[in-house]
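Chain and residue survey
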Amino acid sequence: VTFLLAALLVHSLRLALVDERRALMAAHEKTLATQNQLQHAERLSTVGRLAAGVAHELGTPLNVVSTYAQMIETGAVTPGELSGTARIIREQSATMTRIIRQLVDFARAGRPQRSLLSANDLLQASASLLGPLAHKKQITVCIAPSATELVEADTGQLQQVLANLIVNAIHAAPVKGHVWGSVGRSTQAPPDDIAAPPAGWVTFQLDDDGAGLTEEVARHLFEPFFTTKDIGEGTGLGLAVAHGMIREHGGFITAGNRPEGGARFTVLLPAPARDEGVR
Ligand code: ADP
């Protein structure tokens, strides 16, 4: 009898366990489904926000193009004014192309193609791309020569990030001002959602002698479509795109002011393990 009772007890315990496991699995599946729904909703709301922003950003240049085209059509533009009018239309089209390209980059899915690159070469290349812009404002761009730090990165994406930061610095600096760029190392603690890399960070630091960041600007800096620039000058996507790309590379970006005044942006990317060589 004892044996039978024990067997019965084991049997019913087993049944209870099976039930428990089924209930747990069902709950787990429900959680997963909810999580998927949430992610989907979030994606949709981001797309909606971006679409609204794009429509807003494209509104002005589209208006200008259509107004000038109408003026040409109705003969309101004299032959002498024609080439100037055409130039405005071309410039406005270029602005629209830039807005759309930046948006596509922002929304781009998929993993970047990475290889081991010289951080200094990347910074130099991005700075020399912007030589003409700096020259126009008589701004001196100083890139400090550095030891050979390597980063594992997608060339195009990282160049875009650095170019965005340099363009912003050039915009912020006064006429005859300065922009300083340098590559270095850091062991700074990352934000909570990022793991600290075993070999520390390789840093890209960009400084300028502009007015720096106000508290209000610093709070919204990385939000898509946040800009303090005039229409046609800024899209407000540069830093949002940069932030996304750096996160994809396992790094992060910080923004603040230099003690002497002017802004300081630092990109921190995981330093590759020591035994890796340049591919
Ligand atoms: P955009 O340059 O098109 O405005 P960004 O996302 O690159 O978009 O920058 C957002 C805003 O951040 C800028 O409009 C500007 O107000 C501020 N900002 C960015 N870089 C600097 C800087 N170096 N100094 C001062 N303000 C800056």
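Model, not experiment: these values are computed from the prediction.

Comments concerning empty space enclosed by the protein
If you walk through the whole model with that rule in mind, you get one cavity of 30 Å³ or more. Reported here for the largest cavity is a volume of approximately 40 Å³.

Let's talk about the pattern of salt bridges
What the rule picks out here adds up to eight salt bridges. Arg219 is paired through a salt bridge with Glu216; the nearest N and O atoms lie 3.0 Å apart. Of the two residues, Arg219 and Glu216 are both situated in helix α6 (residues 215–220); the distance of three residues between them amounts to about one turn of the helix. Given the relative accessible area of 56%, Arg219 is considered exposed. Judged by its relative accessible area of 43%, Glu216 falls in the partly exposed class. Each of Asp207, Arg258, Glu260 and Arg264 takes part in salt bridges that share partners, so that together they form one network.

With respect to the side chain of Ser186
If you trace the backbone, Ser186 turns up in strand β4 (residues 178–186). Note on Ser186: relative accessible area 18%, which makes it buried. In this structure the side chain of Ser186 is engaged in a polar contact, spanning 2.9 Å, whose partner is the backbone nitrogen of Gln188. Not counting residues within four places of it along the chain, the set of residues in contact with Ser186 comprises Gly200, Trp201, Thr203 and Leu268.

Comments concerning helix α7 (residues 238–248)
Where α7 is concerned, the buried positions are Gly238, Leu239, Ala240, Val241, Ala242, Met245 and Ile246. Among the residues trailing α7, Gly250 stands out with phi positive, at a value near 80°.

Section: the sheet that holds strand β7 (residues 263–270)
A sheet is described by the order of its strands in space; here five strands give the open sequence β2-β4-β5-β7-β6, paired in mixed fashion. With one partner strand each, in any of the chains shown, β2 (140–143) and β6 (252–257) form the two edges of the open sheet. Taking the axes of each pair of neighbouring strands and ignoring which way they run, one obtains an average angle of 15° across the sheet. Helix-sheet contacts for helix α3 (residues 119–129) involve β2, β4 and β5 (201–208), and the interaxial angle to β4 is about 165°.

Overview of a nonpolar patch on the surface
A cluster of nonpolar side chains, contributed by Val1, Leu5 and Leu8, occupies part of the molecular surface with about 360 Å² of accessible area. By secondary structure assignment, the location of Leu8 is in helix α1 (residues 2–73).

Let's talk about the side chain of Asp207
The topology assignment puts Asp207 in strand β5. Discounting chain neighbours no more than four positions away, the residues touching Asp207 are His178, Val179, Trp180, Arg258, Ala263 and Arg264.

Some thoughts on the layout of surface pockets
Space inside the largest pocket adds up to approximately 1200 Å³. Along the walls of the largest pocket sit 35 residues, with Val167, Asn168, His171, Lys229 and Glu233 positioned nearest its centre. Elements with a contribution of two residues or more to the lining of the largest pocket: α2 (82–107), α4 (131–136), α5 (155–172), α7 and β7. For the lining of the largest pocket, the element with the highest residue contribution is α5, accounting for seven residues. For the lining of the largest pocket, the class distribution of residues is 14 nonpolar, 13 polar and eight charged.

Things to note about the site of the ligand
Around the ligand sit 20 residues in total, of which Asn168, Thr227, Thr228, Lys229 and Thr235 are the nearest. Contacts to the ligand include Asn168, whose side-chain N or O atom sits 2.8 Å from an oxygen atom. Here Thr227 contributes a side-chain N or O atom positioned 2.5 Å from an oxygen atom of the ligand. Bound to the protein, the ligand loses 93% of the 530 Å² it would expose on its own. If you map the ligand onto the pockets, it falls in the largest pocket. Among the elements that line the shell around the ligand, the one with the most residues is α5, at three residues. Grouping the amino acids of the shell around the ligand by side-chain chemistry returns ten nonpolar, eight polar and two charged.

Scoring rules and cut-offs
- Residues numbered from 1 in each chain as written.
- Predicted model: local features only at pLDDT ≥ 70, side-chain atom pairs only at ≥ 80, totals over all residues.
- Heavy atoms only, no water.
- 1 Å grid on protein atoms, 1.4 Å probe; cavity = no way out; pocket = protein on both sides within 12 Å on 5 of 7 lines; lining within 4 Å.
- Points joined across faces, edges and corners; volume = space filled by probe spheres on them.
- Salt bridge = Lys/Arg side-chain N within 4 Å of Asp/Glu carboxyl O.
- Helix = DSSP H or I, 4+ residues; strand = E, 2+ residues; numbered from the N terminus.
- Buried < 20%, exposed > 50% of the residue type's maximum accessible area, 1.4 Å probe, protein only.
- Polar contact = N/O pair within 3.5 Å; in protein donor to acceptor, adjacent residues only side chain to side chain.
- Contact = heavy atoms within 4.5 Å.
- Pairing = 2+ DSSP bridges.
- Axes fitted to C-alpha atoms, helices over the stretch in contact; angles between N-to-C directions.
- Patch = residues over 30% accessible without salt bridge, like charges linked within 9 Å, V, L, I, M, F, W, Y side chains within 5 Å.
- Areas by Shrake-Rupley, 256 points an atom, 1.4 Å probe, with all protein chains shown as cover.
- Nonpolar A, V, L, I, M, F, W, Y, C, P; charged D, E, K, R; others polar.
- Near = heavy atom within 4 Å.
- Sits in = over half its atoms within 2 Å of the grid points.

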